[in-house]
Every structure is written in C-alpha cells, then in structure tokens.
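Tertiary structure, described
Residue strings, one per chain:
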Amino acid sequence: VWQSSVGLVLCLPLHCVIVDTVFGRVSYSIPEEMARGSFVCNVAQDLGLDIKRLSLGKASIHSGSTAEYIELNKERGVLLIKERIDRETLCGETTPCALHLQMILENPMEMFRITIEITDINDNAPSFVSSEKRFEISESAFIGSKFVLEKAVDADIGSNSLQSYSINPTENFILKLENQADGSKKVEMLLQKPLDREHQEQISLLLTALDGGQPSMSGTMQIIVNVLDVNDNAPIFTKLIYKAAITENSPKGTSITTVSASDKDKGANGEISYMISSSKRRLSDLFQIDRKSGEVVLIGEIDYEKAKFYQIDIEAVDNGGLSDSSKILIDVVDVNDNSPQIKILSKSDSVSENSPVNTVIGMLSVDDPDSETNGEVNCYINDNIPFKMQTTMNGFYSLVTDVALDREVASQYNITVTCSDEGVPSLSSSVTLTLQISDVNDNAPVFERSSYEAYIVENNTPGLSAFTVKAKDADWSQNARVSYILEDSSVNGVP
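Residues numbered from 1 in each chain as written. Predicted model: local features only at pLDDT ≥ 70, side-chain atom pairs only at ≥ 80, totals over all residues. Heavy atoms only, no water.

1. Description of the overall build of the protein
The criterion, for reference: For helices the rule is a DSSP run of H or I covering at least 4 residues; for strands it is a run of E covering at least 2, with both sets numbered from the N terminus onward. As defined in this context, the radius of gyration uses C-alpha atoms, and a globule is described by 2.2 Å times the residue total to the power 0.38. Think of it in three bands: residues with accessible area under 20% of the maximum for their type are buried, residues over 50% are exposed, and the middle band is partly exposed, with areas taken using a 1.4 Å probe on protein chains only. By the convention used here, residues are in contact when the closest approach between their heavy atoms is within 4.5 Å.
Along the backbone of the protein there are three helices and 36 strands. For a compact globule of 495 residues, the expected C-alpha radius of gyration is about 23 Å, and the protein comes in at 37 Å, more than 25% above that figure. Dimensions along the principal axes, computed over C-alpha positions, put the protein at roughly 145 × 50 × 40 Å. With 495 residues in all, the protein has 42% of them scored as buried. Contacts spanning at least 24 positions in sequence make up 65% of the contacts within the protein whose residues lie at least 6 apart.

2. Some words on the sheet that holds strand β8 (residues 78-81)
Strand pairing in a sheet is mediated by backbone hydrogen bonds. Such pairs are either parallel or antiparallel. Selection rule: In short, DSSP must find at least two bridges between two strands for them to pair. An axis is simply a line fitted to the C-alpha atoms; with a helix, the fit covers only the stretch in contact. Between two such axes, the angle follows the N-to-C directions and lies from 0 to 180 degrees.
Across the sheet, which stays open at both edges, the three strands sit in the order β5-β8-β7 with antiparallel pairing between neighbours. The open sheet has two edge strands with one neighbour each: β5 (39-41) and β7 (70-73). Strand-to-strand twist across the sheet, computed as the mean angle between neighbouring axes with direction ignored, equals 40°. Alignment of β7 against β8, held across four bridges, turns out to be antiparallel.

3. Looking at empty space enclosed by the protein
What counts here: Cavity: a set of points on a 1 Å grid over the protein atoms alone where a 1.4 Å probe fits but cannot get out. Pocket: an open set with protein on both sides within 12 Å along at least five of seven lines, its lining residues, like those of a cavity, having an atom within 4 Å of a point. Grid points are joined across faces, edges and corners, and a volume is the space filled by probe spheres set on the points. The nonpolar class holds Ala, Val, Leu, Ile, Met, Phe, Trp, Tyr, Cys and Pro. Asp, Glu, Lys and Arg form the charged class, and all remaining residues, Gly among them, are polar.
Across all of its chains, the model carries one cavity of 30 Å³ or more by this definition. Estimated volume of the largest cavity: approximately 40 Å³. Lining the largest cavity, in full, are Lys347, Ser348, Ile361, Leu399, Ile415, Leu433, Thr434 and Leu435. Among the elements that line the lining of the largest cavity, the one with the most residues is strand β34 (residues 428-438), at three residues. Tallied by class, the residues present in the lining of the largest cavity amount to five nonpolar, two polar and one charged.

4. Focus: the sheet that holds strand β23 (residues 287-289)
Taken in spatial order, the three strands make up an open sheet running β20-β24-β23, and their pairing is antiparallel. With partners counted over all chains shown, the strands left at the sheet margins are β20 (255-258) and β23, one partner each. Strand-to-strand twist in this sheet, taken as the mean axis angle between neighbours without regard to direction, amounts to 20°. Here β23 runs beside strand β24 (residues 295-298); their pairing, made up of three bridges, is antiparallel. Bridge assignment links Phe287 to a residue of β24, and that residue is Leu298.

5. Some remarks on the state of the cysteines
Counted only if it meets this: The definition used for a disulfide is geometric: two cysteine sulfur atoms within 2.5 Å.
Taken as a whole, this structure holds two disulfides when the rule is applied. Covalently, Cys379 is tied to Cys419 through a disulfide, its sulfur atoms 2.1 Å apart. Judged by the sign of its S-S torsion, about 110°, the cystine formed by Cys379 and Cys419 is right-handed. Taken together, the residues span a long stretch of sequence, with Cys379 in strand β30 (residues 377-381) and Cys419 in strand β33 (residues 412-421) at a distance of 40 residues. Should the bonded cysteines of the protein be numbered as they appear in the sequence, the pairing reads 1-2, 3-4.

6. Remarks on a nonpolar patch on the surface
Just so we agree on the cut-off: Residues enter patches when their relative accessible area tops 30% and they take part in no salt bridge; the joining distance is 9 Å for like charges and 5 Å for the nonpolar side chains Val, Leu, Ile, Met, Phe, Trp and Tyr. Method for areas: the Shrake-Rupley scheme with a 1.4 Å probe, in which residue coverage is limited to the protein chains shown. For this document, the term salt bridge refers to a Lys or Arg side-chain nitrogen within 4 Å of an Asp or Glu carboxyl oxygen.
A surface patch of nonpolar side chains, about 380 Å² in accessible area, is lined by Phe447, Phe467, Val469 and Tyr484. Relative to the helices and strands, Tyr484 resides in the segment after β36 (471-472). Overall, Tyr484 belongs to the partly exposed group, its relative accessible area being 42%.

7. A short note on the nonpolar core
Going by this rule: Residues belong to one nonpolar core when they are buried, are Ala, Val, Leu, Ile, Met, Phe, Trp, Tyr or Cys, and are joined through side-chain atoms within 4.5 Å.
Residues Val43, Ile70, Leu79, Met103, Ile114 and Ile116 are the most contacted members of the largest nonpolar core, which totals 28 residues. When contributions to this core are tallied by element, the ones reaching two or more residues are β4 (25-31), β5, α1 (43-47), β7, β8, β9 (98-105) and β10 (110-119). Sequence-distant contacts of Val43, that is, excluding residues within four places in its chain, are made with Val26, Tyr28, Leu72, Gly77, Val78, Leu79, Met103 and Ile114. Among the nonpolar cores identified, the runner-up in size contains 25 residues, and Ile256, Ile272, Tyr274 and Ile289 belong to it.

8. As for the confidence of the model for the protein
Filter applied, for reference: Residue-level confidence of the predictor is summarised by pLDDT, bounded by 0 at the bottom and 100 at the top.
This prediction gives the protein a mean pLDDT of 87; 93% of its residues lie at or above 70. Counting interchain partners and residues more than four positions distant, the pLDDT-below-50 stretch residues 1-14 has 26 contacts.

9. Topic: the pattern of salt bridges
Pairing between side chains of opposite charge can happen when their charged atoms approach one another. Here the structure, examined in full by the defined rule, presents 13 salt bridges. One salt bridge connects Glu132 with Arg134, and the closest N-O pair in it is separated by 2.8 Å. Classification of Glu132 as partly exposed rests on a relative accessible area of 39%. With a shortest N-O distance of 2.6 Å, Lys151 and Asp313 are connected by a salt bridge. In this pair, Lys151 sits in the loop between β12 (146-148) and β13 (162-168) while Asp313 sits in strand β25 (residues 309-318), placing the two residues 162 residues apart along the sequence. The exposure class assigned to Lys151 is buried, which follows from its relative accessible area of 8%. For Asp313, a relative accessible area of 11% translates into the label buried.

10. Here's the deal with the packing of aromatic side chains
Each aromatic ring pair is summarised here by two numbers: the centre-to-centre distance and the angle between the ring planes. Selection criterion: A pair of Phe, Tyr and Trp rings is counted when the ring centres sit within 6.5 Å of each other, with Trp represented by its six-membered ring. The angle between the planes then sorts it: under 30 degrees is stacked, over 60 is edge-to-face, the rest tilted.
Counting across every chain of the model gives six aromatic pairs. Summarising the aromatic geometry, the rings of Phe147 and Phe173 are spaced 6.1 Å apart at their centres and angled 80° between planes, so their arrangement reads as edge-to-face. With Phe147 in strand β12 and Phe173 in strand β14 (residues 173-179), this pair connects stretches of sequence that are 26 residues apart. When its relative accessible area of 0% is taken as the criterion, Phe147 is described as buried. Judged by its relative accessible area of 1%, Phe173 is buried. With a centroid separation of 6.2 Å and 50° between ring planes, the pair formed by Phe237 and Tyr274 is classed as tilted. With Phe237 in strand β18 (residues 236-237) and Tyr274 in strand β22 (residues 272-276), the pair connects residues that are 37 residues apart, well separated along the chain.

See below:
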C-alpha cells in the first residue's frame, strides 16, 4: 500500500486498484479468462460508499460496448465477472486493454468512473497459416541468397507473444530475422552452403516459432526444398518501401498501387510472380495483388475507425524459387461517416417546481468515433426552455435547470438534445427527454370579485340562497381545492 499523486494505490496477488477519491475514479487490473462469478473488486469500499447507498440510489453499471462482461452485486457492493473475458477478442493488439465503465447513482445523481485493465495470459500458441512451405531452388543459388518464410501468428501480447524462431537442421540454411515497424519480425532463410542436386535433390527443414510465456508454447511448419538447376538471379523490387493512401469506405476494386520487380534471368527463370506474405492481420481478405502485373486492389471493406494504417509484406518470386521482399505502407484517410452517438445515462421523469437552479435532471454521454474535426462534437438544446447543458468531463454532459420553474406557466417540457460534429458535411443526432413539473402549493385562492353586493327580501325562510361567490386557485389537484368560510356570520346582531 502506498500513496500516489492520484490517490491511494493497493496491490493484491491478482488485482491492483488506484483510487482517486477526489474525482470519483477507480482503476483495477485483472487477468483475462477469469471464471463467471469471479470477484473483481469491492467498488463500494474503494469509493467510500455505504452499501445502502447503492440500493437506495438504484446503482447501475454502464459500458460503451454491447457486451456486458462485468456486473454489480448491490447487496455486497462488489463487481463480479458476468461473462468470460478474452483479451484477444476484446482488444486484439491494442494495449493497454481496458473496460471503461460508469456507475450511476440517483437521489442525488452521482457518477463514478471505473477502469478495469485486462492483462494477458499465455493462452495462445504461435501458429502458422500453412503447415508446409515448398521452395524450388536452383543448385546454382549464391551463398547468402534469401528466401522469405511465412511469419507465425500469436494473439498474445508482451512477453507471452511470439519471441523467436529456429530452424533445423542448419547444414545448408540459417535464419535471418529483421525487426519490423509493427513489432513483428521479418523471417528469411539464408543459404550458407552451396546446394548440390546430384547429392541431395530434396531437403526437409522444420521451422519452429516460440513465445515467451512460462511455460513456453510453440508452433511448427515443415519446409520442403526441391533443388533445381541454374537460376542464378533473384528478383529485385524497384523500391524497398511503397507508400499509398486510400479513403475509407472506398468501393471494392479500387486500385491502390502497383509494385514492380526485375529479374536479370531470361525465359522462364526470369518470369516473376507477386504475392502477399502472411501476417497477423488477415490482409488477404482486404487486399489482392495481381500475380503478373503487381497491381494491388481493394477487395474488402476499409474502416478508419477500425484501422488507420496497414503494412502489407509482399514477395516477388521467379520460377526458380528465388525471391525478394518489400512492403507497402497504406494510410487510411478518414471521412465523416459516423454521427455522434448519444446515450442517456440517467434522467428524471419529473421535478418539483420549487427545485433550486442547477438541479440535475439528466446525464448523457456523447461519442463520435471519427477523427480530428470529424469527431469534434457540439451539443445544444432547443430554445426558450428553462434548462441548460453543462460539460462534466470529456464526452459527458449534465442537463440542469437554468432558472426557477413554475408549473402554472408550463407543466411539461420536451427537451431535445442535438449533437453535431464539425465534419463537412456535418452529421448530427438528437434525443428527446420528456420532463413533468410537479406542483407545490405556491398560489393562494383568488375571488372573481373583490366585493359582492346582494339584495334580499325580508322575512325569508332560513336556508334560502342569497347569492354565490367563487374563487379560483392556479395550483393543481389537492393544492387547487378551495373551501369557503364565512368569517362574520351576523349582520347588525342578526345571525
């Protein structure tokens, strides 16, 4: 236990919690794959809340995603695992991986922010898309000739992710690994000893990928090399790196770029085929390269909100099995294709007309997944109503009373909240809240006239109606019911 600049930090064997009591925020860390019903944290204790406050305040947990992985036990004041959490499914390669929750209390309204970081466990072994890779290599291939190998894929991250490769046997070939910008390794097989087809026509190798987990997990791929005669020049790409850009939502068939390689050999040995290397992402579902021309076209759907950048590793292979590699860096250009998303976190159905100014009647969250100005949002409400919007924190708003309310002026309001982004053209969303104004007894009865005169004939029978008075009350229901009392019940001493 120690004190930090953000609050109190507590660390347990499986959990670590950071409590910020000033701003009502707590953060926790739990491993993925915990069983349903597992204890996450005592959120009531960490926030300093009484258990009764959770029940009386109708405590509820809200998240921005459709899946609900965490549930609140209001009787115990704890958070529990509702659905098994797979970090790789939830976040993919994104780190840190976290669930962002809001706990809402009513009477009075309060909101607390809860962040739960999901840490990785070593539950995925490295694997290859193909179980076997075949090469046809000329016996005249030069020492140092490179042959691009398929990368292994490991969905885990950090030390549990793919760490190293090995190849066996190493009599003719060794591995060359090169770090890539996306954190992966480019895997190549280098010829270190001349091939002799007459001595050995086929060579069998085993490529092994190892992760860094404890215990370590591995995956393998068989490599078969068929030794051919005389192809002594490998293809060479015209560029080490190709750069391109594509607008999200571009139609299928859109041409992105064209790559080119040359081979000094003639005839069949100089014929080049282009292909996309395997990678962690299923790039072959999004992009396709023409094996002969090298043109790269779009065959899937591109969404800036899912991926802003792609790196495509490509190969140029001649008929003798020699190859060269390059890469295409593709920037995805954002368009304004998402309207602001408005979510009502909590709202009041009615409010008393004597409520003080700045009484909170609703809480909302607003999010626009677009980038830059396309994702900048402005919110406002309809004019000529006694309410205003206040920003409580980034993306969260409170709807409060702006002036004193009067039920006798208006007994109900339809409050429309509209949020527009700054894209061109601008996109907007709106939501309407209906609020009833409850009555208080703030109006006295008023007679229709300030004085009444009547003439009656003497010697009338007792109980005869002389005249009628009438008063009205602007209040509602019980507060508007009027009773009449005759304060002076005699005239000149006569009852």
